[in-house]
Amino acid sequence: MDITFSQPTRDLLQATGGHIFYCFNHLERYIENAASYILSGIRQGDYVFLIENERIYPAIVQKVKAQLTESQLDQLVHVNNFDFYWSYGDFHTPSIIANFSRMLHPYDEKEFSIRTWAHVEWGNEQEITQKLSEFEVEANHSVQSMNLVSVCAYDGDRITEPLRDSLLKSHQCHMKDDGILPLDHPHIQ
């Protein structure tokens, strides 16, 4: 149940934080990778914000619960992803970024180390590609300014090729179900 990090990626994540685009195709691997990420973070002393839906969250918690103490479990903060992304009735980037900063501020203020894992979901909105692209550019700025390690997870069956290309441009690493690689910017392959 371990994510395979290349040495350059480990160096990147330890040195400056990292903004990771995870395109998953298999739900069970997604759950295992999320659990591995959470366990790794908590064992390093991080608070882990898991922005996840109510259907998948229990399966992830089940994987980590037996391996953590009660006090370590307190370092896992669940945020409902629907409430997080749609709290203003629309996928509105400025509101989401402001909400993200407000959510992390008390932990950042106390100088706790933080990492995030966010499952990005949306309904049947037609113009979502542009909104998601704009959001991820802004999210990248926030993640870098706060020195966070942040995974943005997307269901591979839901994203179009143009959206995938856009997401690759706004992240430092590309993760799949079986590993993670740093992205060389500005040229995306």
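Calculation criteria
- Residues numbered from 1 in each chain as written.
- Predicted model: local features only at pLDDT ≥ 70, side-chain atom pairs only at ≥ 80, totals over all residues.
- Heavy atoms only, no water.
- Helix = DSSP H or I, 4+ residues; strand = E, 2+ residues; numbered from the N terminus.
- Contact = heavy atoms within 4.5 Å.
- Areas by Shrake-Rupley, 256 points an atom, 1.4 Å probe, with all protein chains shown as cover.
- Pairing = 2+ DSSP bridges.
- Axes fitted to C-alpha atoms, helices over the stretch in contact; angles between N-to-C directions.
- Phe/Tyr/Trp six-rings, centres within 6.5 Å; stacked < 30°, edge-to-face > 60°.
- Buried < 20%, exposed > 50% of the residue type's maximum accessible area, 1.4 Å probe, protein only.
- Salt bridge = Lys/Arg side-chain N within 4 Å of Asp/Glu carboxyl O.
- Core = buried A, V, L, I, M, F, W, Y, C linked by side-chain atoms within 4.5 Å.

Draft legend 1. Examining the overall build of the protein more closely. A count of helices and strands for the protein gives eight helices and seven strands. In the protein, 80% of the contacts between residues at least 6 apart in sequence involve partners at least 24 apart. Just so you have it, the protein exposes about 9600 Å², and 49% of that area is on carbon and sulfur atoms.

Draft legend 2. Representation of unusual backbone geometry in the model. With a phi close to 60°, Glu 111 is a non-glycine residue in the positive phi region. Topologically, Glu 111 is positioned in the loop between helix H6 (93-109) and strand S4 (114-119). Even without glycine at this site, Asn 147 takes up a positive phi of about 55°.

Draft legend 3. The arrangement of the sheet that holds strand S2 (residues 47-52) in detail. Sheet architecture is open: seven strands sit in the order S3-S2-S4-S5-S1-S6-S7, paired in mixed fashion. Edge positions in the sheet fall to strand S3 (76-80) and strand S7 (179-182), since each has one partner strand and no second. Here the average twist between neighbouring strands, direction ignored, is 20°. Where strand S1 (residues 18-24) and strand S6 (residues 173-176) come together, three bridges link them in parallel fashion. Note on S6: the bridge partner recorded for Phe 21 is His 174. Its contacts with the sheet put helix H3 (residues 57-65) on S2 and S3, and the angle it makes with S2 is roughly 150°. Where helix H8 (residues 161-169) meets the sheet, its contacts fall on S1, strand S5 (149-155) and S6, and the angle it forms with S1 comes to roughly 155°.

Draft legend 4. Geometry of the packing of aromatic side chains. A complete count under the given rule lists 18 aromatic pairs for this structure. Ring centres 5.8 Å apart and planes at 25° place the aromatic pair Tyr 22 and Tyr 30 in the stacked group. Comparing Tyr 22 with Tyr 30, the two get one shared label, buried. Through a chain of ring-to-ring contacts, three or more aromatic side chains come together here, namely Phe 84, Tyr 85, Trp 86, Phe 91, Phe 100 and Phe 135.

Draft legend 5. Main features of the pattern of salt bridges. Summed over all chains, the structure comprises five salt bridges. Ionic pairing is found between Arg 29 and Glu 32, a salt bridge with its closest N-O pair at 2.8 Å. With Arg 29 and Glu 32 both in helix H2 (residues 27-43) and three residues apart, the pair spans about one turn of that helix. One salt bridge in this structure joins Arg 164 and Glu 161, with 3.6 Å as the shortest N-O distance.

Draft legend 6. Here's a closer look at the nonpolar core. One finds Tyr 85, Phe 91, Trp 122 and Tyr 154 to be the most contacted residues of the largest nonpolar core, which totals 33 residues. Apart from the residues lying within four places of it in its own chain, the contact partners of Tyr 85 are Ile 51, Asp 90, Phe 91, Ile 96, Ala 118, His 119, Val 120 and Phe 135. Formed by 28 residues, the second largest nonpolar core is a distinct cluster that contains Tyr 30, Ile 31, Tyr 57 and Met 175.

Draft legend 7. Quick peek at the environment of Val 48. Considering the arrangement of structural elements, one finds Val 48 in strand S2. Look at Val 48 and you get buried, because its relative accessible area is 0%. Placed 28 residues apart in sequence, Val 48 and Leu 76 show a C-alpha to C-alpha distance of 5.0 Å. Residues contacting Val 48, with those up to four places away along its chain left out, are Ile 38, Gly 41, Ile 42, Gln 75, Leu 76, Val 77 and Arg 115.

Draft legend 8. How the structure looks around the pairing of S2. When you tally the buried positions in S2, you get six out of six residues, the bulk of the element. Burial of the side chains of S2 extends over both faces: Tyr 47, Phe 49 and Ile 51 are buried on one face and Val 48, Leu 50 and Glu 52 on the other. As judged from the five bridges shared by S2 and S4, these two strands associate in the parallel manner. The residue bridging Leu 50 from the neighbouring strand is Trp 117, located in S4.

What is shown is where atoms sit, not what they do.
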